[in-house]
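Okay, here's what each chain looks like letter by letter:
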Amino acid sequence: MTVAISVENLGKTYASGVTALKGISLQVRQGDFFALLGPNGAGKSTFIGILSTLVTKTRGAVQIFGRDVDSHVYQTKLDLGVVPQEINFSQFERVGDIVMTQAGYYGLPSRLAAQRSEKYLRQLGLWDKRGQRSRTLSGGMKRRMMIARALVHEPRLLILDEPTAGVDIELRRSMWDFLLEINRAGTTIVLTTHYLEEAEQLCRNIAIIDEGRIVENTSMRKLLLELDSYAFILDAAADLPGDLAHEEPGLCLRKLDSRSIEVTLSKGRDLNGALAILDRRGVRIISMRNKTNRLEQLFLARLGGQEAGAGEEGS
Ligand code: ADP
């Protein structure tokens, strides 16, 4: 297996005293489409900042394509294309100039720079905007321009921090298609997101990060299989009997308080079974709702497990 990213015991404490990463170890294979998923403040941007040499780590080791990033800064920069979360280009420069300047920064001869700029601006639907000042672009166009800029030196590894934050659904899909295409063509892609759906659409492997720790690192397929259960909250018309708990394969009933019940069902089971049990116990249900969306469900499950077993790390 060729490894694109290898991270060992990575830690970061900011000068403010905040410990954003508490000892992360992770590998991303060459050719992978990898998601780093986690709630706000989890440490995703810090992680990406360290990979892209913009943030200095406090401890640990990072290798990109087998090279230590600290001792191979130049090669790391050539291997990497980074699309940060914040807009970080001059709002007054023209779109085409921004991409060309980046190509120059990587030392591309001017003809090649012009060819590549055209190629990626066209692919991202921005070629006809090349003469416009960047501040006139919509939010989604600015983000696409940052992708074009990150690709102009054709890096082997593309890292995107929340690429579709604030991008409308139609545009998000075309961005997904574009990213899938360049991944198929061989570029390793890592993205952060807090949309499970995005990770689900794009990624083969996933790590979930929370409060600076990896709480899960698995394939998307396995994760989704685990997630194939659904929880509902049912509200009863009157006070519930005390001994309502019920558990059988694929179906679990649990009393939450005097008038509400949580029902957990595995894929393939339906609510009728649960309602029949309640009916036999004389319980009348007057309303119901989904307990959580799938992402919340996932975080809750992972974070619950992690709290039970986690050892505290120093900074
Ligand atoms: P995410 O990208 O998952 O939202 P971040 O990596 O941005 O998470 O932040 C992780 C933690 O580090 C948060 O508590 C955040 O406030 C803190 N943090 C991020 N950047 C800085 C910084 N430059 N200085 C101090 N604290 C920071």
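Quick caveat, the model's predicted, so the values are computed rather than measured.

Caption draft 1: View of the pairing of strand β2 (residues 19-29). Of the strand pairs in this sheet, strand β1 (residues 3-13) and β2 are connected by 8 bridges, and their pairing is antiparallel. Across the sheet, Gly11 pairs through a bridge with Lys22, a residue of β2. Taking the residues that link successive antiparallel strands as the turn, the β1-β2 hairpin has 5 residues, and the phi of Gly17 there is positive, at about 100°.

Caption draft 2: Seen up close, helix α9 (residues 271-280). Along α9, the positions that sit buried rather than exposed are Leu271, Ala274, Ile277 and Leu278. Axial view of α9: buried residues confined to an arc of 125°, hence all on one face. Seen from the buried face of α9, the exposed residues on the opposite side, beyond 90 degrees, are Asn272, Asp279 and Arg280. As for α9, its buried residues are in contact with β11 (229-236), β12 (246-248), β13 (251-257), β14 (260-266) and β15 (285-290). Between a side-chain oxygen at the N-terminus of α9 and the backbone nitrogen of Asn272 the separation is 3.3 Å; the capping residue is Asp270. Downstream of α9 by a residue or two, Gly282 has a phi angle that is positive, lying close to 75°.

Caption draft 3: Spatial organisation of the domain arrangement of the protein chain. Looking at the protein chain, the domain boundaries give domain 1 (3-224) and domain 2 (228-294). Between the C-alpha centres of domain 1 and domain 2 the distance comes to 43 Å.

Caption draft 4: Seen up close, the nonpolar core. Counting 45 residues, the largest nonpolar core has Met145, Ile147, Leu158, Leu160, Phe178 and Leu179 as its most contacted members. No other element matches helix α5 (residues 139-151), which puts 6 residues into this core. Not counting chain neighbours up to four residues away, the residues in contact with Leu158 comprise Gly81, Val83, Ala150, Leu151, Leu179, Ile182, Thr187, Thr188, Ile189 and Val190. Leu21, Leu51, Val69 and Ile209 belong to the second largest nonpolar core, which has 25 residues in total.

Caption draft 5: Expanded view of the environment of Gln115. Relative to the helices and strands, Gln115 is located in helix α4 (residues 110-123). Sequence-wise, Gln115 and Met100 are 15 residues apart; in three dimensions their C-alpha atoms are separated by 9.7 Å.

Caption draft 6: Spatial organisation of the sheet that holds β13. The antiparallel open sheet is built from 5 strands, whose spatial order is β12-β13-β14-β11-β15. Edge positions in the open sheet fall to β12 and β15, since each of these has one partner strand only. Going from strand to strand, the sheet's axes swing by 25° on average, the running direction of each strand aside. Bridging between β11 and β14 involves 7 bridges; their strand directions are antiparallel. Bridge assignment links Ile233 to a residue of β14, and that residue is Glu262. Sheet strands touched by α9: β11, β12, β13, β14 and β15. Its angle to β13, the strand with the most contacts, is close to 55°.

Caption draft 7: A look at the site of the ligand. Surrounding the ligand, one finds Tyr14, Ser16, Val18, Ala20, Pro39, Asn40, Gly41, Ala42, Gly43, Lys44, Ser45 and Thr46. In this structure, Lys44 approaches the ligand through a main-chain N or O atom, which is 2.9 Å from an oxygen atom. For the ligand, the accessible surface in isolation is 560 Å², of which the surrounding protein chains cover 61%. In terms of residues, the shell around the ligand owes the most to one element, helix α1 (residues 44-51), which gives 3 residues. Considered class by class, the residues forming the shell around the ligand number 5 nonpolar, 6 polar and 1 charged.

Thresholds, definitions, all that
- Residues numbered from 1 in each chain as written.
- Predicted model: local features only at pLDDT ≥ 70, side-chain atom pairs only at ≥ 80, totals over all residues.
- Heavy atoms only, no water.
- Pairing = 2+ DSSP bridges.
- Helix = DSSP H or I, 4+ residues; strand = E, 2+ residues; numbered from the N terminus.
- Buried < 20%, exposed > 50% of the residue type's maximum accessible area, 1.4 Å probe, protein only.
- Arc of directions from axis to C-beta.
- Contact = heavy atoms within 4.5 Å.
- Polar contact = N/O pair within 3.5 Å; in protein donor to acceptor, adjacent residues only side chain to side chain.
- Domains from an automatic or database assignment.
- Core = buried A, V, L, I, M, F, W, Y, C linked by side-chain atoms within 4.5 Å.
- Axes fitted to C-alpha atoms, helices over the stretch in contact; angles between N-to-C directions.
- Near = heavy atom within 4 Å.
- Areas by Shrake-Rupley, 256 points an atom, 1.4 Å probe, with all protein chains shown as cover.
- Nonpolar A, V, L, I, M, F, W, Y, C, P; charged D, E, K, R; others polar.

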